[in-house]
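Next come the chains, spelled out residue by residue.
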Amino acid sequence: MGQCRCVGRNRLTGKEANGFLRFGGRIFKERGWWYVELSEPDLKRYFLNTFFPEVGHHIDCYRRYWSPANGKQAEDTADQYAASIDYQ
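Definitions and cut-offs
- Residues numbered from 1 in each chain as written.
- Predicted model: local features only at pLDDT ≥ 70, side-chain atom pairs only at ≥ 80, totals over all residues.
- Heavy atoms only, no water.
- Helix = DSSP H or I, 4+ residues; strand = E, 2+ residues; numbered from the N terminus.
- Buried < 20%, exposed > 50% of the residue type's maximum accessible area, 1.4 Å probe, protein only.
- Contact = heavy atoms within 4.5 Å.
- Areas by Shrake-Rupley, 256 points an atom, 1.4 Å probe, with all protein chains shown as cover.
- Pairing = 2+ DSSP bridges.
- Polar contact = N/O pair within 3.5 Å; in protein donor to acceptor, adjacent residues only side chain to side chain.

K.L.:
Before we go on, may I ask you to explain the overall build of the protein chain in this structure?
P.N.:
Looking only at helices and strands, the protein chain features three helices and three strands. Its helices and strands in sequence order give the protein chain the pattern β-α-β-β-α-α, from N to C terminus. Taken across its 88 residues, the protein chain has 28% of its residues classed as buried. Of the contacts formed within the protein chain by residues at least 6 apart in sequence, a portion of 50% connects residues at least 24 apart. Of the roughly 6,700 Å² that the protein chain leaves accessible, carbon and sulfur atoms contribute 53%.

K.L.:
Quick question: what am I supposed to make of the pairing of strand 3 (residues 33-38) here?
P.N.:
Where a strand is regular, its side chains alternate between the two sheet faces. In terms of strand pairing, strand 1 (residues 3-8) meets strand 3 through five bridges, oriented antiparallel. Its bridge partner being in strand 3, arginine 5 is matched across the sheet by valine 36. Both strand 2 (residues 26-30) and strand 3 contribute to a ladder of five bridges, which runs antiparallel. Following the sheet pairing, glutamate 30 is matched in strand 3 by tryptophan 33.

K.L.:
I would appreciate a short explanation of the side chain of aspartate 42 in the present structure.
P.N.:
Here aspartate 42 shows up in helix 2 (residues 40-63). A distance of 3.3 Å separates a polar atom in the side chain of aspartate 42 from a polar atom in the side chain of arginine 45. Among all residues touching aspartate 42, those that are not within four sequence positions of it are Phe23 and Gly24.

The following block contains the structure:
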């Protein structure tokens, strides 16, 4: 049995669903509510792969001004920060 997270009454968008599915999530509806179920290892991978890049964005934001012109560089910096974390 995996860990479940209620995501609400509205169906997930394709982008939202793909974010969970790429980590092995199972999306289902029960009694009018949508849920995502992930095994514990998949849940850990999901959070680590979404949380640390977001932390990287915040760190990068304090170091420089973000603009659409440097959006790719900001994404790369956030990904590099996430990859540098030893969370094993």
